[in-house]
Amino acid sequence: VRSNALMMLIEGVFGRGSMVSERAVKIVQFTTRENMSPRSAVRRADQEATDQKGADWDRAALHAVIDRMRVESNMSRRTAIQALGELVSKARVHGDVECIDNLLRALDDSDEKVQHAAIESLVVTSLKGDDKVIAALVHFARHNSFWQCRKAAIQGLEKVSIPGDLVVVEALGILIKDNDSWVREAAIKAIELAAPESHPQAIACSRGLLDDPAWFVRRAAIRTLTMLQPEGDAQESVTGEVIKVEDKRWYAGVQGYLLKPDSLRHASR
């Protein structure tokens, strides 16, 4: 039983299919038994590994990649950032503090493609619930000038945050007001996974986007509103609440989320 519980904890922190290494076990133990933050747990686990048997992986390769992240060429920096994410992921050393800190600095790069690559690498290298990474992605999503990067930051936030984190839900409630419709869609989708069931602020955010100018944002809001309602009458009541005069493309998009009321089905014949 304890072994199965440990496996579930490790998968929750590192992702499904993660190798149950000695390092992973220690990080989970430090975060659960000693109430350490993910970053502190990683530091301690790596320090113990270094003290006992030397570094678990080749830091020289890591430093070579990090050095390439500082070169003049935008393409070279982007490639190095992508390589760093792949290196950390394959070496199964998620949460490595040096890697995370360098990727966080890359969010301030002048090139939007480099910024985008940094977000993607942060997602695959971070531990879930890392407060520093979450805060950086929230700040980036609120202030970056490129909508593609803001959207990527929100999607990354959805993956690195722990479901039920009310700080993340509150931040997403601000991000749904973005000027770009694709960013608003990403934010309301993220709320579906981040918010607890029946959370009043999340439900209010969903209802606030039911009249959004973009049909795909309205579709995402309906999906989130439906999923946040408890099963039963409350969930079924969403249908009557959201069905309005919509375009055909919108109707095609919401199929599978809701059924049209009988009155609308009869009227369309």
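Everything numeric here is computed off the predicted structure, so don't read it as measured data. (Residues numbered from 1 in each chain as written. Predicted model: local features only at pLDDT ≥ 70, side-chain atom pairs only at ≥ 80, totals over all residues. Heavy atoms only, no water.)

Our next topic: the packing of helix H10 (residues 166-175) against helix H12 (residues 200-208). Taken N-terminus to C-terminus, the directions of H10 and H12 make an angle of 20°; their axes are 10 Å apart at the nearest point. Relative to H12, the element H10 is oriented roughly parallel. Handedness of the H10/H12 crossing: left-handed. Residues Val169, Glu170 and Gly173 of H10 form the contact with H12, whose participating residues are Gln201, Ala202 and Cys205. Class assignment for the residues of the contact of H10 with H12 results in three nonpolar, two polar and one charged. (Axes fitted to C-alpha atoms, helices over the stretch in contact; angles between N-to-C directions. Helix = DSSP H or I, 4+ residues; strand = E, 2+ residues; numbered from the N terminus. Parallel < 35°, antiparallel > 145°, perpendicular 65-115°, else oblique. Left-handed = near helix turned anticlockwise from the far one by under 90°. Contact = heavy atoms within 4.5 Å. Nonpolar A, V, L, I, M, F, W, Y, C, P; charged D, E, K, R; others polar.)

Here we come to helix H13 (residues 215-228). Look at H13: 20 Å from first C-alpha to last across 14 residues, which is about the 20 Å you get at 1.5 Å a residue. Among the 14 residues that make up H13, eleven are buried, leaving the element largely enclosed by the rest of the structure. Of all the positions in H13, only Trp215, Phe216, Val217, Arg218, Ala220, Ala221, Ile222, Thr224, Leu225, Thr226 and Leu228 are classed as buried. (Expected span 1.5 Å × (residues − 1). Buried < 20%, exposed > 50% of the residue type's maximum accessible area, 1.4 Å probe, protein only.)

Per-residue pLDDT for the protein has a mean of 78; in total, 71% of the residues score no lower than 70. Of the regions scoring below 50 in pLDDT, residues 12-20 engages in 19 contacts with residues more than four places distant in sequence or in other chains. Per-residue pLDDT stays below 50 along residues 259-269; that stretch engages in eight contacts with residues further than four places along the chain or on separate chains. (pLDDT = per-residue confidence, 0-100.)

In this model helix H9 (residues 147-160) runs 20 Å from its N-terminal to its C-terminal C-alpha over 14 residues, within 8% of the 20 Å that 1.5 Å per residue would give. Looking only at H9, the buried set comprises Cys149, Arg150, Ala152, Ala153, Ile154, Gly156, Leu157 and Val160. Where H9 is buried, its residues contact helix H7 (112-125), helix H8 (131-143), H10 and helix H11 (181-194).

It is worth spelling out the packing of aromatic side chains at this point. Centre-to-centre distance and the angle between the planes together describe a pair of aromatic rings. In total, this model carries two aromatic pairs according to the counting rule given. Ring geometry for Trp182 and Phe216: centres 4.0 Å apart, planes at 15°, overall stacked. Of this pair, Trp182 sits in helix H11 while Phe216 is found in helix H13, placing the two residues 34 residues apart along the sequence. For Phe216, a relative accessible area of 11% puts it in the buried group. Between Trp215 and Phe216, the ring centres sit 5.9 Å apart and the planes meet at 85°, which makes this aromatic pair edge-to-face. By relative accessible area, Trp215 is classed as buried at 17%. Members of the aromatic cluster, joined through ring pairs, are Trp182, Trp215 and Phe216. (Phe/Tyr/Trp six-rings, centres within 6.5 Å; stacked < 30°, edge-to-face > 60°.)

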